[in-house]
Amino acid sequence: MKAVMKTFVVVVLQTVLRYAVCRDVTLPTGPLYRVAGFQLSLPCSVHGYEGPRTQDFEWFLYRDDAGGRQMGVISTRDKGFPYAPFQTRVRNGEVRVDRDSGDKVRLMIQRLRAEDQGKYECYTPSTDSKYQGNYSATVTVKVIPDTLQISYTRSLTGQPTPEGAELTLTCSAGIQSEQLTHLSITFGKRGGGPGSPGSGAGGEVSTVREIISIDKLLGVVPGRWYKQRYDDGEITLEKRNGEGGLGNYVLKMKAVQPSDTGSYFCEASQWILDPNRSWQKIAQRTLDIGNLTVQQLAESMSVVSSPKGEVTVQLGSPLILSCEVQGLPPEVNSGLLVQWMKRGSVSSDSAAGGVEVEVARMSTDGVVSWGDDLSRANGGSMEKVARARYSLKLFSARPSDSGVYRCVVSVYAGRRNPDPSIPATLTQRSEGVTVNLRTKDVLVSAVAQLPRGPLLKRGSTITVICNVTVTTTGPAQAQVQWLRWPIPDPLGTPRQGADDTAPVEELPPTMVAALMYDGVSQIFINNSEVSVDRLTPVSYRLRVHAATIEDEGMYSCRAEAWGQDPHGAWYNTRVKAESNSVTVYLYARAMDLLLIPLIVGILSALFVGIVIIATVTCCFMRRLARRQPRK
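Residues numbered from 1 in each chain as written. Predicted model: local features only at pLDDT ≥ 70, side-chain atom pairs only at ≥ 80, totals over all residues. Heavy atoms only, no water.

Concerning a nonpolar patch on the surface
So, point 1. Residues F607, V608, V611, I612 and V616 make up a contiguous nonpolar surface patch of about 470 Å² in total accessible area.
So, point 2. Residue position: V616 is located in helix α5 (residues 590-626). (Patch = residues over 30% accessible without salt bridge, like charges linked within 9 Å, V, L, I, M, F, W, Y side chains within 5 Å. Areas by Shrake-Rupley, 256 points an atom, 1.4 Å probe, with all protein chains shown as cover. Salt bridge = Lys/Arg side-chain N within 4 Å of Asp/Glu carboxyl O. Helix = DSSP H or I, 4+ residues; strand = E, 2+ residues; numbered from the N terminus.)

A short note on the pairing of strand β37 (residues 529-536)
So, point 1. Pairing between β37 and strand β38 (residues 539-545): 7 bridges, direction antiparallel. Directly across from V532, in β38, lies its bridge partner L542.
So, point 2. Here β37 hands over to β38 after 2 residues, the two strands then running antiparallel side by side. (Pairing = 2+ DSSP bridges.)

Some points on the sheet that holds strand β12 (residues 167-174)
So, point 1. Pairing in this open sheet of 4 strands is antiparallel, and the strands run β10-β12-β17-β16 from one edge to the other. Two strands bound the open sheet, and with one partner strand each, they are β10 (149-152) and β16 (235-241). Averaged over all pairs of adjacent strands, the angle between strand axes in this sheet comes to 20 degrees, irrespective of strand direction.
So, point 2. Here β16 pairs with strand β17 (residues 247-253) via 7 bridges, running antiparallel. Each residue of the ladder has a partner; that of K239, found in β17, is Y249. (Axes fitted to C-alpha atoms, helices over the stretch in contact; angles between N-to-C directions.)

What to know about the confidence of the model for the protein
So, point 1. Mean pLDDT for the protein: 85, with 86% of residues reaching 70 or above.
So, point 2. Of the regions scoring below 50 in pLDDT, residues 197-205 engages in 19 contacts with residues more than four places distant in sequence or in other chains.
So, point 3. Here residues 346-352 is a poorly scored stretch, pLDDT under 50, and it has 13 contacts once near neighbours within four places are set aside; other chains count. (pLDDT = per-residue confidence, 0-100. Contact = heavy atoms within 4.5 Å.)

Notes on empty space enclosed by the protein
So, point 1. Counting across every chain of the model gives 2 cavities of 30 Å³ or more.
So, point 2. Taken as a whole, the largest cavity spans an internal volume of roughly 60 Å³.
So, point 3. Along the wall of the largest cavity there are 13 residues; nearest its centre are V442, T472, P475, G563 and T573.
So, point 4. If one sorts the elements of the lining of the largest cavity by residue count, strand β39 (residues 553-564) sits on top with 4 residues. (1 Å grid on protein atoms, 1.4 Å probe; cavity = no way out; pocket = protein on both sides within 12 Å on 5 of 7 lines; lining within 4 Å. Points joined across faces, edges and corners; volume = space filled by probe spheres on them.)

Considerations on the sheet that holds strand β27 (residues 389-394)
So, point 1. Strand order in the open sheet formed by 4 strands is β20-β22-β27-β26, and the pairing between neighbours is antiparallel. Each edge of the open sheet carries a strand with a single partner, namely β20 (302-306) and β26 (380-386). Neighbour-to-neighbour, the strand axes of the sheet open up by a mean angle of 20 degrees, direction not taken into account.
So, point 2. Strand direction decides the pairing type here: strand β22 (residues 319-326) and β27, joined by 6 bridges, are antiparallel. Residue pairing in the sheet places L319 in a bridge with L394 of β27.

Here you go:
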C-alpha cells in the first residue's frame, strides 16, 4: 500500500511540474501613451521556456489605420524580417532591439511617429520540446501630439559676473495635452571653474550637475552638490503663472561662487502615469541658457590701511588709523567684518614682537566690540566713515598702544547679514602700520628706610618708609610696591637699620603690599596684618603689625610713574625705579630671655635633688647592712 501511494505522489508531482513549466511572454499593461517625436521603449520578457538561455524575439505592429493587418517591425534572428516601412529605420538604428539579458529585451523607437500607433506584439519562436504556454503578448500604444513648450527670458552672455552677485534665471514651460500628464523642470550646469564639485586638475568637469528641480509631483528637489546651499536658503526655485498657459520657473542664487562658472541649461520633462502605476518620462526638451563666468573676489579686492609705514604720536594725543577695502564690486551687497589687530608694544623687545591681539572689531551689522582692553570702549571709537572705509580712533594714546597695527577684513560676498556658521568668502590683511609713542621725560627715584626707634622684637610693628620722587611735566602719581626677600646668610645678616646693596637676585621675592596710583591699597600676604598709607606727597609707609619670625627679611620698594593725559585719563608711563633694601631682624622679647634661665634653673635644681636623694639612700642602706648580726 505504501509503495502504491509513493508511486502516485511521484506521478502527480511530475504532471504538475510538466504543466507548471510552460512558456510565458509578458509586456507592460496598456494602453501606453507616448509622444510623437520622442522615444518609445517597450520591454518584453519570456519565462518558463526550454532550450538556450538566449531567446529570440520578433516584433509585429497592427496599425489602427491598416485594418488590423500584421506588419513585421524587427527580429533578433532575421535581418530581412522588417516590412518596408521599417527597413530604413532599422538600418539607421532608429528602430532596434536592446537586450537586457538572454530572455529580456526592449523594442526601441528613437523618434516615434503618428503612424506608429497601434497594437504591438512581442513573439518568441519556440525552443521547447512541447508546444505549450503563451508565446506572444500584445500591448496598445497611443501616439499623442508633442505639445511640450520651453523658453527663457534672458540668456547669459558669458561676461564676468563678480563673486557674490545674485543670479536669476527664468525658464517658461508648459504642455497642452488631452491626457493627464505632469511637467517637471530642472536647472542644471555643465562644466565649471576651480573648486567646482568633481573638478579635476584642469578645473573642468565633464558631467552634468543638476542644480535644483521641481519634480512631476511639484516637489522642490536640490541637486546633491547644491543641497547645503539650498538648506541655507542660498538657492531657491519657485513657480509663477505666465502667459498662454505657460508657467514661469525662477531660479535664484543669492551669491554666486567661483564653482558656479559653467554652461547653464533648463530642462522640461513630460510625465505620465502608466496603467501599472509607474511614472514614465514621455517627452523632454533642454534649452541652453548661456555661459556664466564668475570673477573671484581675491583677484580684485585689497585692504589698505593709513597712514602708511610708521607714525609717531605724542603720548596723550589722539591716534587715528584708517582702513579702506578696495576692489569690492559695487553691485554686490556684501557684509564686512572689520578688525584692528595689534602686535607688540613698548614693553616688548621690538614693535613686531609679542602676540597679536584684537584691539576692536565691527561686525557685519555695525556692532562695535573691543578686545581684552575693555577700557578702550570709553577711550576710543571705531566708525564706518564711508562705503568700505573704516576708522579707528584712540582718544588718548598710551604707552601700551605702541606696536604694529593691521586691518583685517572678512568679506561675506552677497550676504549682508550672514549666519555665524557660514564661513567668510575671503579674508585679507593690510600692510602693518608701526605706531611709536613719544613720551614725556620722566624720572623716578625710590629710597627705602626704617624709622629710628627701639629694637624690633617679635610682636612689634615693622615700619618701612619708601620715599619716591617723580620728575616730569604735567600731573603725575607714583604707584608703590613693597617686596621682601629672605635673608640669605643668618651668620652675616646685618642688624636692623643697616642698608644693603640690591637684594640677592637668586632668591625669589615676596610681594607684600602695594599702593596704587589712585590710592587703592592691595595686600598680597594673608598670614600677617599689613597696612599701607601715604604720609606725605613723596613718602609712603608699609606697616606689618604683630610681626612674626616669618616677617623677617630684606625689604625694598618699587615705584612706577603714572601720568595724566589732556583728557584726564591716567596711563602707565612704564618708567620704574627700585629702591635699596633694608634688613628687618626681630629680636627675642624680655619674657623670652627670662624663660631660658628659669628652665635651666629648674632643670639644674631637679638634677641636684635627684643626686642628693640617691646619695643619702645609698649611705643609709650600707649602714643598715652593717648592723645586721653575724651568724
